[in-house]
Amino acid sequence: MEIHVELKTESKMFCGCKNDPYRSEPNANICEICLAHPGSLPVPNKTAIEWAVKIAKALKCRVLDESKFDRKNYFYPDLPKGYQISQYDRPIGENGLIELEFLPGKNIREKAKIGITRAHLEEDTAKLAHSANGKETLVDFNRSGVPLVEIVSDPDIQSAAEAKAYCQELQTILRYLNVSEAEMEKGQMRCEVNISLQEENKFSIKNGIVEPAKGYKLNPKVEVKNINSFRAVEKSVAFEIKRQTEMLEKGEIWQQETRGWNENKQATVWQRIKETSADYRYFPEPDIPPFNPLKITSDVDLPEMPAEKRIRFREEYGFSFADTDILTSDINWANYAERTMSELADWLHTLPETESDTDKIIQNKKNQMARLAGGWITSKLMGAMAERKIDIRILKIKPENFAELVALIYANRVNSTNAQKILSEMLDTNVDMDPTHIMEEKGYGQISDEGKLAEAVEEVIKNYPAQVAQYKAGKEPLLQFLKGMVMKATEGSADPQAVEKILREKLR
Ligand SMILES: [Zn+2]
């Protein structure tokens, strides 16, 4: 994978122009440097170098103590200088690693280690807009010179699912670092996939003797561009694996080439023969001296990274694998879950401990609580928010109130149906509402009073004599029907377990 990421620094990579290519009027943020006027000189952006070091460290790369910029020469209307300032042989960082984990059955292997070849800095190009009649092209230089970090992976990705997961993990890391929005649809993160199939146990002929090739034979690679979603990453890889396999089976061979992902056709289409690095005639940028990235940046402190957070969420709180994945994919959700859990831990401490409570029982209670809270956040809360188009960043329900709702469910003071009604009210009222207050006011609390429940059960037994007779004759499933009728009569506020117990007693 080759991934380009736009950094959200205040200014551009080599000039003081505002870095704001998406909101400004066309050609508002431009100067002599990003327009490449003769005699203008580039000055590297210190923050961009600092952030590139941060990214390199987060990807577990070795940061080079001497890095430099190079000119990558090619001719295109979106490139005013006729070359791009990039980094050739001395990138910011190299030899990194991203580790991926998959649930059983979701990938060809459960763990994948993807090496990072390099992470380097460069500048973005201008943006071309072609008119509908195809006769005119307009150039917007606002994007010209925006800082880009290119991250190249080793050929370690073995499936379409891994390619997608790798891109998602990278996006999460970039967002945790707060260095880029990394929105694929906006082009802030651009993924190019290089696919080449390896054939195992091919034979080679050396000095007239046939011998097995060592390991694998790598076939020419195919580069796919124009990918603007994670789904498209996955689909284009799957498409190429199939296409190249079919060609190999027919004995066809191809040249290294560049293709584009066509969303309408759901296929990759041929674009051109791929350039090799010799075509770019790289040479050192004479206007910027080599530099030590670690010396010009202040100490780079990394926040807790997604992989570490996932391990901690599972071990410390006992969240399930699936919930952990969802909760840690967005730092705002991770923080919300963490605050909810800390409230719930406090609440658990207030419960009377019986003398028979061993450490194991206490740990079990915590785990049950984590499963309940995790499930309620990832399914019910996220679902209800999605329906209402509420983003986590503007959610009004405070973690302490959400934790209280989970505690009410955990203590059987409200059943799941009514808890969802309470959640809806908490989301729909603009003030931060206390769930216990809503439960009491609306009478959503669970009826556990045996006397009241017994009355409701009697009533149902009286009203459904035929079903009662069938149940007594051995038709066990009818118990669920009768239970449902009691739940209906109590408008869903009866404790279902208590209802079942009373029904069984009365029908014995
Ligand atoms: Zn400029």
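Residues numbered from 1 in each chain as written. Predicted model: local features only at pLDDT ≥ 70, side-chain atom pairs only at ≥ 80, totals over all residues. Heavy atoms only, no water.

**Topic: the overall build of the protein**
Next up, step 1: Along the protein, the regular secondary structure elements total 15 helices and 18 strands.
Next up, step 2: In summary, the protein has a C-alpha radius of gyration of 30 Å against a globular reference of 23 Å for 508 residues, an excess of more than 25%.
Next up, step 3: The principal-axis extent of the C-alpha atoms belonging to the protein is close to 95 × 60 × 60 Å.
Next up, step 4: Relative to its 508 residues, the protein shows a buried fraction of 46%.
Next up, step 5: Within the protein, contacts between residues at least 6 apart in sequence are counted, and of these 70% link residues at least 24 apart.
Next up, step 6: Accessible surface computed for the protein: about 27000 Å², of which carbon and sulfur atoms make up 50%.
Next up, step 7: Distance from the positive charge centre (71 side chains) to the negative charge centre (81 side chains) of the protein: 3 Å. (Helix = DSSP H or I, 4+ residues; strand = E, 2+ residues; numbered from the N terminus. Rg over C-alpha atoms; globule rule 2.2 N^0.38 Å. Buried < 20%, exposed > 50% of the residue type's maximum accessible area, 1.4 Å probe, protein only. Contact = heavy atoms within 4.5 Å. Areas by Shrake-Rupley, 256 points an atom, 1.4 Å probe, with all protein chains shown as cover. Lys, Arg positive; Asp, Glu negative; His and termini not counted. Charge placed at Lys NZ, Arg CZ, Asp CG, Glu CD.)

**Things to note about the nonpolar core**
Next up, step 1: Core analysis: the largest hydrophobic core is formed by 100 residues, its most contacted members being Leu121, Ile151, Tyr166, Met189 and Leu381.
Next up, step 2: The biggest single contributor to this core is helix 2 (residues 160-177), with 10 residues.
Next up, step 3: If near-sequence neighbours (up to four positions away) are discounted, Ile151 is found in contact with Met1, Glu2, Ile3, Val5, Ile55, Leu59, Ile116, Arg118, Ala119, Tyr166 and Leu170. (Core = buried A, V, L, I, M, F, W, Y, C linked by side-chain atoms within 4.5 Å.)

**A word on the coordination of the zinc ion**
Next up, step 1: Protein coordination at the zinc ion: the donors are Cys15 (SG), Cys17 (SG), Cys31 (SG) and Cys34 (SG), at 2.3 to 2.4 Å from the metal.
Next up, step 2: Coordination at the zinc ion comes from four donor atoms whose angles at the metal span 99 to 114 degrees, giving a geometry best classed as tetrahedral.
Next up, step 3: Along the chain, the residues donating to the zinc ion fall in the pattern C-x1-C-x13-C-x2-C. Taken as a pair, Cys15 in the loop between strand 1 (2-6) and helix 1 (46-58) and Cys31 in the loop between strand 1 and helix 1 lie far apart in primary sequence, 16 residues in all. Accessibility classification places Cys15 together with Cys31 in one group, the buried group. (Donors = N, O, S within 2.8 Å, 3.2 Å for Na, K, Ca; no water. Tetrahedral: all angles 85-135°; square planar, octahedral: opposite > 155°, others 65-115°.)

**Considerations on helix 3 (residues 230-249)**
Next up, step 1: If you check helix 3, its first and last C-alpha atoms are 29 Å apart, about what 20 residues at 1.5 Å a residue would give, namely 28 Å.
Next up, step 2: Taken as a whole, helix 3 has its buried residues at Phe230, Ala232, Val233, Ser236, Val237, Glu240, Arg243, Gln244, Met247 and Leu248. An end-on view of helix 3 places all buried positions within 155 degrees of arc, on one side of the element. Exposed residues pointing more than 90 degrees away from the buried face of helix 3 are listed as Arg231, Lys242 and Glu249.
Next up, step 3: Taken from the residues just after helix 3, Gly251 is the one with a positive phi, measuring 80 degrees. (Expected span 1.5 Å × (residues − 1). Arc of directions from axis to C-beta.)

**Considerations on the sheet that holds strand 4 (residues 83-86)**
Next up, step 1: One open sheet accounts for three strands, arranged 4-3-18; its pairing is antiparallel. Each edge of the open sheet is held by one strand with a lone partner, namely strand 4 and strand 18 (283-284). (Pairing = 2+ DSSP bridges.)

**A word on the packing of helix 2 against helix 5 (residues 306-317)**
Next up, step 1: At their nearest, the axes of helix 2 and helix 5 sit 10 Å apart, and the two run at 95 degrees to each other. Judged by the angle between their axes, helix 2 and helix 5 are roughly perpendicular. Along the contact surface, helix 2 presents Glu169, Thr172, Ile173 and Tyr176, while helix 5 presents Pro306, Ala307, Lys309 and Arg310.
Next up, step 2: Residue composition of the contact of helix 2 with helix 5, grouped by class: four nonpolar, one polar and three charged. (Axes fitted to C-alpha atoms, helices over the stretch in contact; angles between N-to-C directions. Parallel < 35°, antiparallel > 145°, perpendicular 65-115°, else oblique. Nonpolar A, V, L, I, M, F, W, Y, C, P; charged D, E, K, R; others polar.)

**Some thoughts on the pairing of strand 1**
Next up, step 1: Counting buried positions over the five residues of strand 1 gives five, a clear majority of the element.
Next up, step 2: Direction of pairing for strand 1 relative to strand 10 (residues 189-195): antiparallel, over a ladder of four bridges. Counterpart to Glu2 in the pairing with strand 10 is Glu192.
Next up, step 3: Where strand 1 lies against strand 9 (residues 147-153), five bridges are found, and the strand directions are antiparallel. Bridge assignment links Glu2 to a residue of strand 9, and that residue is Val152.

**Describing the packing of aromatic side chains**
Each aromatic ring pair is described using two quantities: the centre-to-centre distance and the angle formed by the ring planes.
Next up, step 1: Scanning all chains against the criterion turns up 13 aromatic pairs.
Next up, step 2: Summarising the aromatic geometry, the rings of Phe239 and Trp261 are spaced 6.5 Å apart at their centres and angled 75 degrees between planes, so their arrangement reads as edge-to-face. One end of the pair, Phe239, is in helix 3; the other, Trp261, is in strand 16 (residues 257-262), with 22 residues separating them in the sequence.
Next up, step 3: Seen from their ring centres, Tyr317 and Phe319 are 5.7 Å apart, and the 50 degrees between their planes marks the pair as tilted.
Next up, step 4: For Phe319, a relative accessible area of 2% corresponds to the buried category.
Next up, step 5: One Lys or Arg, Lys72, reaches over the ring of Tyr280 and ends 4.4 Å from the middle of that ring. (Phe/Tyr/Trp six-rings, centres within 6.5 Å; stacked < 30°, edge-to-face > 60°. Lys NZ or Arg CZ within 6 Å of the ring centre and 35° of its normal.)

**A closer look at the sheet that holds strand 2 (residues 62-63)**
Sheet strands associate in pairs through backbone hydrogen bonding, adopting either a parallel or an antiparallel arrangement.
Next up, step 1: Across the sheet, which stays open at both edges, the nine strands sit in the order 2-5-6-9-1-10-15-16-17 with mixed pairing between neighbours. Each edge of the open sheet is held by one strand with a lone partner, namely strand 2 and strand 17 (267-273).
Next up, step 2: Relative to strand 5 (residues 93-101), strand 2 runs antiparallel, the two being bridged by two bridges. Bridge pairing in strand 5 places Arg62 opposite Glu94.

**Notes on the domain arrangement of the protein**
Next up, step 1: The domain boundaries assigned to the protein delineate domain 1 (1-195), domain 2 (198-275), domain 3 (306-442) and domain 4 (450-506).
Next up, step 2: Placing the centre of domain 1 and that of domain 3 at their C-alpha centroids yields a distance of 38 Å.
Next up, step 3: Each partner contributes residues to the interface: domain 1 has seven residues there, and domain 3 has 10 residues.
Next up, step 4: Between domain 1 and domain 3, a total of about 800 Å² is buried, with carbon and sulfur atoms accounting for 58% of that surface.
Next up, step 5: The interface formed by domain 1 and domain 3 includes two salt bridges.
Next up, step 6: Between Arg310 and Glu169 there is a salt bridge, with the nearest N and O atoms lying 2.7 Å from each other.
Next up, step 7: Considering each element in turn, the side of domain 1 that touches domain 3 owes the most residues, four residues, to helix 2. (Domains from an automatic or database assignment. Buried area = accessible area lost by both parts, 1.4 Å probe. Salt bridge = Lys/Arg side-chain N within 4 Å of Asp/Glu carboxyl O.)

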